[in-house]
Each structure stands twice: as structure tokens, then as C-alpha cells.
Amino acid sequence: MATMNMIQALNSALDVMLTRDANVLVFGEDVGYFGGVFRVTEGLQKKHGLTRCFDTPIGEAGIVAVAIGMGAYGLRPVVEIQFADYIYPAYDQIVSEAARIRYRSAGEFYVPLTIRTPYGGGIFGGQTHSQSPEALFTHVAGIKTVVPSSPYDAKGLLISAIEDNDPVIFLEPKRIYNGPFNGRHDQPVIPWSKHPASEVPEGHYKIPLGKASVVREGAQVTVLAYGTMVHVALEGVAEAGVDGEVIDLRSLVPVDIDTIVASVEKTGRCVIVHEATRTSGYGAELSALVQENCFFHLEAPIERVAGWDTPYPHAHEWAYFPGPSRVAEALRRTVEV
Amino acid sequence: MKNTPTLSLHIPEPEARPGDEASFDRSALPPAGSVPRPPTDVCATTIRDLSFSLIRVLDEDFKAVGPWNPRLSPDVMRSALRYMMMTRAYDERMYRAQRQGKTSFYMKSTGEEATNIAYAFALHRDDMCFPAYRQQGLLLARGYPMLTMMNQVYSNAHDPGKGRNLPVMYSSREHSFFTISGNLGTQFPQAVGWAMASAYKGDTRIAASWIGEGTTAEGDFHQAMNFAAVYRAPVILNVVNNQWAISSFQGIAGGEASTFASRAIGYGFPGLRVDGNDFLAVYAVAEWAAERARNNHGPTLVELYTYRGEGHSTSDDPSRYRPSDEWKAWPLGDPIERLKRHLIGLDEWSDEKHAALGQEMADLVRDTQKEAEAVGTLQGGEQPSPGTMFEDVFEETPWHIRRQRQQMGV
């Protein structure tokens, strides 16, 4: 075991996979010699060689397309899109190609591709460095979408994503790279080293895709969250003073319906929290799933706490960010019904 | 104030529209045999003029001349002729099947047969091809069963694609033929990635891809060019300039100001322009580019200068936007006719043998069609079971898709 922040845990996952499997390649903008703008690939080129971890032109569509071709050859590429906000030029290659190749070739070709990309706000990134585009991927048949919320999960989930034979969008909540930010932006962030989930095995281990984690057990209300919002949700539960059960989904597609249903059947109440804009966000899908599967157990309307339906603002970052007080408000409303 | 004219917007227009006399006066054609053949390890910057010329082997008398003559044996040329005629007969039959309502859609490759069949001969059998939707001849020439192609076109129970794709979107890993996409140009940078993987693994196989000249306007074309250049990928990037992208002439894609082959100059690798209706010239260029790639000298862009003899697809009516006799005016003729006349000139073929081969191909296609239709067409007969719709979305079917399949009761 070692103590790692999320960046170190992700780096360790890549290192383990580069060591274990000669078909694993890591590439993207600035990921080679420099080690990535967030340092996730630091030292990998030096350790594994130029052809295993290298820089690419600034061309996200090209990065993903080339990785698809490599996947068709039999490699297992792991690419970095520097910010999720930059992933849109690659959207056609992801949606029309990576997601569809197994289906359209009836299994003759497939794409074991992992696309890592830092996402989310809370870093004063303005509208082009703060977005949460997960719903653009969960809506597409043929790709998996994964979001870790701790160093331990990040490593185990990334290894699972790399070993998966289907394309995986791996969204890294960059606000919690260095510590479990709980939304209290006026307070110093506690580093990961003070958190039990920073205890990370140095070798190979996996967390299965499609398995959620109950990070706080509770009886009064279920809170569904992922990424940074897991920590914000915990803080919201504390602020509201309710006995909330907080579920970290970890994987959005496939989603762990059994864990969600078991919890909502127990609590009869559900609040969904995400940073992404509210309309047609992933929370809408979660809300529908809870309604379809747990209707007769529900004691209160399902609430969604989400980013406002505006582009992500710079100066008004904390007015936009769905922080613990907004979560707490929703929790109070829900338990009072 | 300066004395300048008012600005005017330029919209490119072709030389001839319906009712006009077909004309290709803009096409400057250097004589066959006049373009030099550089060594395959040549520095790209020294052969930029080749991007503006036209590599031709067969002259006006159908003789093979000049340094690009690949000196193929008569057996190989007869085999090439056979596959070009097979492809044309197949296209003819499938086009009619669509008109008879047996399938939804079809795309012919009439006039463009040499642009891909020559590659089946010049490349190794396991070199990976990333085709667009008009390279069916390549698949036939690699020995893929015509019956399976027809089953695909009919989306019947024997379609290996389980009836999921539009007709002509073939796929065959066994024949190193990548699954065809309907989205234009996406396969171009994928071919570069495959080639990079082959180089990374120390393999000997190379990749080739095809797009039309219209698709060079897509971003993926430029991504492919840049990545291929940066990583010196062992790949042949083919642009089939068949003059028409549905109803838009090649000037709309940017062919007025420069040639498509010349796009390679800015990226720093060879861009060769070749008579796409001359089987021997296409073969020679493919062989040159393959040797260059296989020896770690990197990519080549090839502009295959040809003419789309028929409509874009069965959904298109070219008489609405171009002269109906334009193909007859095409200065580079018909690839089948030219190879035939060449073989006859060598005393290796005859009109009688050609007519007999034509009949043999027509019979083959007719008999194969009967076999395919005995299984089923889009209209009826045996079709893939609806349950297969839910397969292959992922390697393992997740709960939500399983539940939807149960809901449908299949």
C-alpha cells in the first residue's frame, strides 16, 4: 500500500498496465516528455520508452481516430483529451465509429479504447475548462462512461477500463485530483493523504465497471452522485443534518441499478446531484430509472440538484456550482414531505 | 480612398451542365510514359511536380510505355480484367435488384474498377484496407464470396452483418477489409492508426485507405494527413477523384485551385497523381507507395483521377446536374476497355474471349443472385432474427439492453 492522490493513483494504473501489457499505449497532447498538463502521465515515457507514451498533434479527432485504428489492429490504446471541453472535435469518431464498430461489423472488429479526460468545475476554468459532458456519452449506445471519486477507485476503475474490450469514456473530476473537495470553497481543501481512500495498492487490482459504492449508509434519503459531487453530497448531508445514504455511482453506463433500487426502496426518498447542466442531464435518466423501478416505495418527489442551464461562468463560479447548501436544501425539502 | 473594385464572391461552376456539350478541356493530360519514376526512397520535396502531373502507362494505342510500366504478366492482367468485369456485372445486377424493390439502396463503381482492384494485386493479401463505399471490386478480387456480398445487400439471414447496415457496407476481417462506415472520411485517420500500430509492433503489414475527392474537405482528411506525416505511418492514402460528389463537381471540394495530390506537399510526403482508368498505372503507383511504406519511408497520398460513370447511388439522378453523355467525353476512357485492348495488342486476348468472359461473368452473377434470393431479400424470405438487434452493442450485454430485449419478447 502507498498513499496517493488521484493523479498519482491514475499514473500508477497507467504504469501497471504499460508494464503488464505491451499492447497498451498512452498518448495525447503534452502527455509524453512533459507528463501531461495535470501530471497524470509523468515519468511514463522515461520509464516505458518513446513509442509507449508520446505526444500528439493538437487534433482530438485524429487522436481518437488513430486510437480506433490501433484498437482494430489489436492494441489497447489509452488516450488523454486534455480537457473534456476539448472532446467535441472527436465526437464523430467516438459516436459514429468507436461506439459502433463492434455492432456494425457484428463483432469482427472492436475497439478496446480508453479515453481519459479531466472534466468538471470548481477550478475557475470558465466555460471552456469546466464542463461536465457525461450525458453526451451516456446517451450513445456502445460506449461506457466511468467517473471515479477517490484515488483508490480511480486506479481500480482505470485498470478495468483499459482491460475492457469496449470503448470507455473515463471522466476525471479534476477538482478532486489533489483532495476531496466538498464544495466549501472558502475553506482549505484537506489533502487526499488524510482520507482513507488514498491508501492505494501499488500493483494491479480492479474495480468492476457497473458497480456502485455506498459511501455513507443512511435510512432517511438516498443521494445519487458521482465524481466531485460525492464529496459535496456528503457535506450536504452533514449540513442538512439528515440520515442520508450517499451512493457513488462510479459507472454511469452500465449503471448499478440494483444498488440504487435497494437503497431507494429502503429510504423512500431520492435526491440526485450532478455538476452538469440540469436539462437532459444524466440526472434525468436517474430520475426516470428511480421512478420506473421504485415508484411504489417513493414517499416524496425525486429532486435534482444540478448546474444551472447556462454556460459555466468564470466570476460566478460558486453561484453556479451546486454546492453543499443547495444539496442540503433539496435534502430538507425531500425529507419534510 | 483607393481605387479598388467592389468585392465579388466566387462560386465554382463545372464546365458543363445538362444540355451543354460535355467537356474536359481543363484537364491537361501529359502523354503516357512521360512522367519519371523516382526511387521509392526519394525525398518528397524533390518530386513535388508529380502532384501536378499525371502518371500514365497505357498510351493512345493501348501500349504500355514509360518508366512506370509495371511489366505484369499476361496472366495477371487477364485476372485483373476478370475481376473488373466481375465487379461491373455484379454492380449491374445489384442496381437492377434495387430497382426491382429487392433492397433499399445500391452504389455502383462503374468506371472506377481499376482504382481499387489494382490494389488487390499490388498489396499483400494481409495489408489492411480501410475502404469507403465504392471499393467492392477490392473485396471481390481478394476472394470474398460474391454470394455473401449479395446476402449483405439483401440484409437476409445469411448477411454476416446481421442485417444491420445499409447495403454495400461490407466488412471482412479475414480479407483485411475494415467495416465500412457511412460517415465520410472517418476511416482515413483510422488507417493511419492501424499503420502506426503495425509499425509499433515491428510488423511488415501496411495499411491503405480510400476516400472520394469530396471527402478531402472533411477534417478527418487533414487529421489523417498530419498524423501520417508526423509519425511516418506506413499507409497509402487514396483519393478517388471521380469528378462528382453526388451533384457537386470536384471544384466545390477545392479541385479548381490545385490538385488533390498536391495536398501532400504541405504535409511533406509524396502526392502522386495517376490515371485511375489505367490499371497498369494504378498498379505501378500502388506498388511504388507500398514499397516506400514497407521500407519505413512513410505515407503516400495518391490521387486516382477517374470518372464516376453512374449516379452516386440508386437515390441519385445525375441527368439533373451534368450532361448525360459526359462519361463518353471522359478523355481517359474505360479501364476495362483499355486493359482489354492492351491484352489484344499483346496477342494475349481476343474479342471472342472477351465476349465469352463477359457472358461467364453475367451467368455467374445471375446464378449467385438466385442463390442469395433463395435465402431472402429485404422484401421477404429468411431474415436475421430480431433478437440479433440487441447483440454486439457491447462484448457483454448489460442489464438495460437485456431488459429491453425481454420487453420485445425476443
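In what follows, the structure referred to is the one given above.
> Can you walk me through the packing of helix α3 (residues 60-73) of chain A against helix α6 (residues 219-230) of chain B in this structure?
The axes of two packed helices give the description: the angle between them and the distance between them. Axis separation between α3 of chain A and α6 of chain B bottoms out at 9 Å; the angle between their running directions is 70°. With respect to each other, α3 of chain A and α6 of chain B are oriented roughly perpendicular. Two secondary-structure elements touch here, α3 of chain A through Ala61, Gly62, Ile63 and Val66 of chain A and α6 of chain B through Asp220, Gln223 and Phe227 of chain B. Its residues placed into classes, the contact of α3 of chain A with α6 of chain B shows four nonpolar, two polar and one charged.

> Is there a simple way to think about the pairing of strand β2 (residues 207-212) of chain B in this case?
Residues and elements named next belong to chain B. Counted residue by residue, β2 has five buried out of six residues, so it is predominantly covered. As judged from the three bridges shared by strand β1 (residues 128-130) and β2, these two strands associate in the parallel manner. Bridge pairing in β2 links Phe130 to Ser209. As paired strands, β2 and strand β3 (residues 235-241) are joined by six bridges and run parallel to one another. Across the sheet, the residue bridging to Ile211 is Val239, located in β3. This β-α-β element, β2 to α6 to β3, shows right-handed connectivity.

> Teacher, can you tell me more about unusual backbone geometry here?
Negative phi is the rule for most residues except glycine; trans is the rule for most peptide bonds. With an omega of -5°, the peptide bond between Val253 of chain A and Pro254 of chain A qualifies as cis. With respect to the helices and strands, the residue Pro254 of chain A is situated in the loop between β12 (251-253) and α9 (257-267). Its identity is not glycine, yet Ser176 of chain B carries a phi of approximately 50°, on the positive side. Along the chain, Ser176 of chain B turns up in the loop between α4 (146-154) and α5 (187-200). When its relative accessible area of 8% is taken as the criterion, Ser176 of chain B is described as buried.

Reading the values: the criteria
- Residues numbered from 1 in each chain as written.
- Chains lettered and ligands numbered in written order.
- Predicted model: local features only at pLDDT ≥ 70, side-chain atom pairs only at ≥ 80, totals over all residues.
- Heavy atoms only, no water.
- Axes fitted to C-alpha atoms, helices over the stretch in contact; angles between N-to-C directions.
- Helix = DSSP H or I, 4+ residues; strand = E, 2+ residues; numbered from the N terminus.
- Parallel < 35°, antiparallel > 145°, perpendicular 65-115°, else oblique.
- Contact = heavy atoms within 4.5 Å.
- Nonpolar A, V, L, I, M, F, W, Y, C, P; charged D, E, K, R; others polar.
- Buried < 20%, exposed > 50% of the residue type's maximum accessible area, 1.4 Å probe, protein only.
- Pairing = 2+ DSSP bridges.
- Right-handed = clockwise from strand over helix to strand, strands pointing away.

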